[in-house]
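# Secondary and tertiary structure notes
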Amino acid sequence: MANFIYLPTMKILMVCLGNICRSPLAEGILKDKANKLQLNWQIDSAGTGGYHIGEPPHYLSQKVAKENGIDISSQQCRQFIKEDILLFDKIYAMDMNNYYNIKQITKELWNENKVELLLNELYPNQNKEVPDPWYGDEKDYYFVYDLIDKACDAILNNFKKEIT
Ligand code: 4NP
């Protein structure tokens, strides 16, 4: 008989402003790592602004992801809605503005236990931000990829510590 290990399903939402540069990378990177570990996690992303709804990720986010073996080309930008705070177990904001926008949008549903700055998983309590590469150049996308990649490793390590 097969041995079954109980692993809780996690529903995680990555949030930035445009859902074009940073959060699509965070979605793609964490999905890739969770899949490789055969974790049954649901991972999505959204933007607090509605400027790019329906668009694919920025071409430089797609490029840096692809170079790391991750295809994010089929993602479509969507806007964060207040009910997301009920649907997801954990919501990661890329920067402080995203965090406060989530608080504003969710109004009476706000739950501070569910919302965290992504980099606090890597650098606890330091409130560091993933910088917005929108007005930057290619090297900024590589920098952002690296930060998000390390933060996603930290999410998985912290999760492992919690369940063992
Ligand atoms: P993101 O970057 O929040 O990482 O997706 C941005 C994308 C678009 C805009 C701002 C930030 N914009 O102003 O259109």
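Refer to the structure above for everything that follows.
Attention in this report is confined to the structure presented alongside it. (Residues numbered from 1 in each chain as written. Predicted model: local features only at pLDDT ≥ 70, side-chain atom pairs only at ≥ 80, totals over all residues. Heavy atoms only, no water.)

## Some details on the packing of helix H2 (residues 59-67) against helix H5 (residues 138-163)
It is at 9 Å that the axes of H2 and H5 come closest, and there the two elements cross at 55°. Relative to H5, the element H2 is oriented oblique. Considering how the two elements wind past one another, H2 and H5 form a crossing that is right-handed. From H2, Leu 60, Ser 61, Lys 63, Val 64, Ala 65 and Glu 67 reach across to H5, where they touch Glu 138, Tyr 141, Tyr 142 and Tyr 145. (Axes fitted to C-alpha atoms, helices over the stretch in contact; angles between N-to-C directions. Helix = DSSP H or I, 4+ residues; strand = E, 2+ residues; numbered from the N terminus. Parallel < 35°, antiparallel > 145°, perpendicular 65-115°, else oblique. Left-handed = near helix turned anticlockwise from the far one by under 90°. Contact = heavy atoms within 4.5 Å.)

## A closer look at the pairing of strand E3 (residues 90-93)
Across a regular strand the side chains alternate sides, sitting on one face of the sheet and then on the other. Residue alternation in E3 divides its side chains into two sets, Lys 90 and Tyr 92 and Ile 91 and Ala 93, and both sets are buried. Bridge count for strand E1 (residues 11-16) against E3 is 4 bridges, and the pairing is parallel. Looking at E3, one finds that Met 14 is bridged to Tyr 92. Inspection of the sheet shows E3 paired to strand E4 (residues 115-117) by 3 bridges, in the parallel sense. Residue pairing for E4: Ala 93 is matched across the bridge by Leu 117. In the classification by handedness, the crossover that spans E3, the intervening helix H4 (residues 96-106) and the parallel E4 is right-handed. (Buried < 20%, exposed > 50% of the residue type's maximum accessible area, 1.4 Å probe, protein only. Pairing = 2+ DSSP bridges. Right-handed = clockwise from strand over helix to strand, strands pointing away.)

## Brief notes about H2
The periodicity of an α-helix, 3.6 residues per turn, causes residues three or four positions apart to be oriented the same way. Of the residues making up H2, those classed as buried are Leu 60, Ser 61, Val 64 and Ala 65. End-on view of H2: buried residues confined to an arc of 135°, all on one side of the axis. The exposed set on the far side of H2, more than 90 degrees from its buried face, consists of Tyr 59 and Lys 66. Lining the buried residues of H2 we find helix H1 (22-36) and H5. (Arc of directions from axis to C-beta.)

## Here we look at the nonpolar core
Formed by 35 residues in total, the largest nonpolar core has its most connected members in Ile 12, Met 14, Leu 25, Leu 30, Trp 41, Leu 118 and Ile 148. Sort the elements by how many residues they give to this core and H5 lands first, with 10 residues. Here Ile 12 is in contact with Leu 30, Trp 41, Gln 42, Ile 43, Asp 44, Phe 88, Lys 90, Tyr 92 and Ile 155, once residues within four sequence places are set aside. Core analysis: the next-biggest nonpolar cluster, separate from the first, contains 13 residues, Leu 13, Ala 46, Phe 88 and Ala 93 among them. (Core = buried A, V, L, I, M, F, W, Y, C linked by side-chain atoms within 4.5 Å.)

## Digging into the sheet that holds strand E2 (residues 42-47)
What the 4 strands build is an open sheet, ordered E2-E1-E3-E4; its pairing is parallel. Looking along the sheet, the strands with just one partner apiece sit at the ends: E2 and E4. On average, each strand axis in the sheet is inclined to that of its neighbour by 25°, with strand direction left out of account.

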